[in-house]
Amino acid sequence: MSTARTHIIDDDEAIRDALQWLFKTRGVACRTWASGEGFLEAWSPQWRGCIVLDIRMAGMSGLECFDTLLARGCELPVIFITGHGDVPMAVEAMRIGAMDFMEKPFNPERLTELVKKASQARRMTLEYMKYLAVLGREGMRRILREPPTRTPPSVPTEKAPA
């Protein structure tokens, strides 16, 4: 399995460099990509971490890149960023499954916190999936169908005066 990494996809080199510096100084492993096409060409389903994705880029847009990732079964959390955000665009990004949406310029501390939360959420999902795989289908059936083996202690009730 690969190391958890934040993938920064933005066609603006200055933004990529700034985000890479921001995350590295806060202990967040990251890699930058100049386009959605370049990221998609390299993407692997084994990657862990999250994606910070510019919604408006030359060539393939962030929404198009995200749609392609979803079609390929990508489950990495995505945080959309944009310098041209509007309410309908943010609603669409969230509707199709984005974790969050931030406008440039953004608060560096908030973005870093979101990236850490996104990576943690993905890590927890993977741990849960491993647990389910170990438990297996039959174990899940037993848990869902069988009543608890231990009954809760009865609570004494007071009798109403006669």
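Before reading further, recall that the structure is shown in the block above.
Parameters at a glance
Residues numbered from 1 in each chain as written. Predicted model: local features only at pLDDT ≥ 70, side-chain atom pairs only at ≥ 80, totals over all residues. Heavy atoms only, no water. Helix = DSSP H or I, 4+ residues; strand = E, 2+ residues; numbered from the N terminus. Contact = heavy atoms within 4.5 Å. Buried < 20%, exposed > 50% of the residue type's maximum accessible area, 1.4 Å probe, protein only. Pairing = 2+ DSSP bridges. Axes fitted to C-alpha atoms, helices over the stretch in contact; angles between N-to-C directions. Arc of directions from axis to C-beta. Core = buried A, V, L, I, M, F, W, Y, C linked by side-chain atoms within 4.5 Å.

Draft legend 1. Here's a closer look at the environment of Thr6. Counting through the fold element by element, Thr6 comes out in strand E1 (residues 4–9). The contact partners of Thr6, leaving out residues within four places of it in the chain, are Phe23, Val28, Ala29, Cys30, Arg31, Cys50, Val52, Val115 and Ser119.

Draft legend 2. Quick look at unusual backbone geometry. Put simply, Lys104 and Pro105 share a cis peptide bond, and its omega is -10 degrees. The topology assignment puts Pro105 in the loop between strand E5 (100–103) and helix H5 (108–145).

Draft legend 3. Main features of the side chain of Ser119. You can see Ser119 is positioned in helix H5. Here Ser119 falls in the buried class, since its relative accessible area comes to 15%. If near-sequence neighbours (up to four positions away) are discounted, Ser119 is found in contact with Thr6, Gly49 and Cys50.

Draft legend 4. Local environment of the sheet that holds strand E3 (residues 48–54). Overall, parallel pairing links the five strands, which are arranged E2-E1-E3-E4-E5 in an open sheet. For this open sheet the edge positions go to strand E2 (30–33) and E5, each flanked by a neighbour on one side alone. Along the sheet, successive strands turn relative to each other by an average axial angle of 20 degrees, direction set aside. Here E3 runs beside strand E4 (residues 78–82); their pairing, made up of four bridges, is parallel. Within the sheet, the bridge partner assigned to Asp54 lies in E4 and is Ile81. On the sheet, helix H1 (residues 13–25) packs against E1, E2, E3 and E4 and is oriented at approximately 175 degrees with respect to E2.

Draft legend 5. Inspection of helix H3 (residues 62–71) at higher detail. For H3, every residue scored as buried is listed here: Gly62, Cys65, Phe66 and Leu69. End-on view of H3: buried residues confined to an arc of 100 degrees, all on one side of the axis. Contacts from the buried residues of H3 go to helix H2 (36–42), E3, E4 and helix H4 (87–95). In the segment just after H3, Gly73 is the residue with positive phi, at about 90 degrees.

Draft legend 6. Quick peek at the nonpolar core. Among the nonpolar cores identified, the biggest contains 24 residues, and Phe39, Ile51, Leu53, Leu69 and Phe80 are the most heavily contacted of them. Secondary-structure elements contributing two or more residues to this core are H2, E3, H3, E4 and H4. If we ignore the near neighbours within four places in the chain, the residues touching Phe80 are Leu53, Ile55, Gly62, Leu63, Phe66, Ala93, Ala98, Asp100, Phe101 and Met102. Counting residues in hydrophobic clusters, the runner-up holds 16 residues, among them Ile8, Phe23, Ile81 and Phe106.

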